[in-house]
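# A look at the structure
Spelled out, the chains give:
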Amino acid sequence: MHYLFLVLAFLTGIAISIQAGVNSNLRLALNNPLMASLISFGTGFITLLIVHLTTSGAVPPMATLRSLSWWKWTGGVIGAVYVTTVILSVPRIGTANLVSLSVAGQLLAAVVLDHYGLLGFTQHPANVWRLLGIGLILAGVWLVVKN
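Everything quoted here is computed from the prediction, not taken from an experiment.

### Some points on the environment of Gly135
Here Gly135 is to be found in helix H6 (residues 128-146). In this structure, the C-alpha to C-alpha distance between Gly135 and Leu108, residues 27 residues apart in sequence, is 9.8 Å.

This is the structure we're talking about:
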């Protein structure tokens, strides 16, 4: 297994919790959740644009972009819904509740996607260990949210 990617995945989880707090505070400062989401995505877009232009800078041909299935364009929409939901939810339910519920939803969806090989993922059957893992995560979420 590639330990670097395991560490990066763990650090991403930490970053998501920090991002929730940063974006929630941005919303409070602006008193506008959609503007906070727009600024969050805007700064992310600018950052990615700079990194892209300073590394590869390659742009796919227009024919390639036109040939993409409609659903392959929805990642940004899903991200916008996620960030806006975080911004709206953190002040009401807290970061721990939001993150634990999000992780549970992510894990459940990931096991289903892997099991059926949906969206081009390599098929990994939902065996007893994965189902036990989901059960333990759900128990953990219940304990966190019960507070």
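Now, onward.
### Re the side chain of Asp114
Considering the arrangement of structural elements, one finds Asp114 in helix H5 (residues 95-116). Judged by relative accessible area, which is 17%, Asp114 ranks as buried. Beyond its immediate stretch of four places on either side in the chain, Asp114 contacts Phe121, Thr122, Gln123, His124 and Arg130.

### Re the packing of helix H4 (residues 75-93) against H5
As a packed pair, H4 and H5 sit with axes 7 Å apart at the nearest point and diverge in direction by 135°. Between H4 and H5, the angle falls in the class oblique. Residues Tyr82, Val86, Ser89, Val90 and Ile93 of H4 lie in contact with H5, whose contacting residues are Thr95, Asn97, Leu98 and Ser102. In terms of residue class, the contact of H4 with H5 is built from five nonpolar, four polar and no charged.

Cut-offs applied
- Residues numbered from 1 in each chain as written.
- Predicted model: local features only at pLDDT ≥ 70, side-chain atom pairs only at ≥ 80, totals over all residues.
- Heavy atoms only, no water.
- Helix = DSSP H or I, 4+ residues; strand = E, 2+ residues; numbered from the N terminus.
- Buried < 20%, exposed > 50% of the residue type's maximum accessible area, 1.4 Å probe, protein only.
- Contact = heavy atoms within 4.5 Å.
- Axes fitted to C-alpha atoms, helices over the stretch in contact; angles between N-to-C directions.
- Parallel < 35°, antiparallel > 145°, perpendicular 65-115°, else oblique.
- Nonpolar A, V, L, I, M, F, W, Y, C, P; charged D, E, K, R; others polar.

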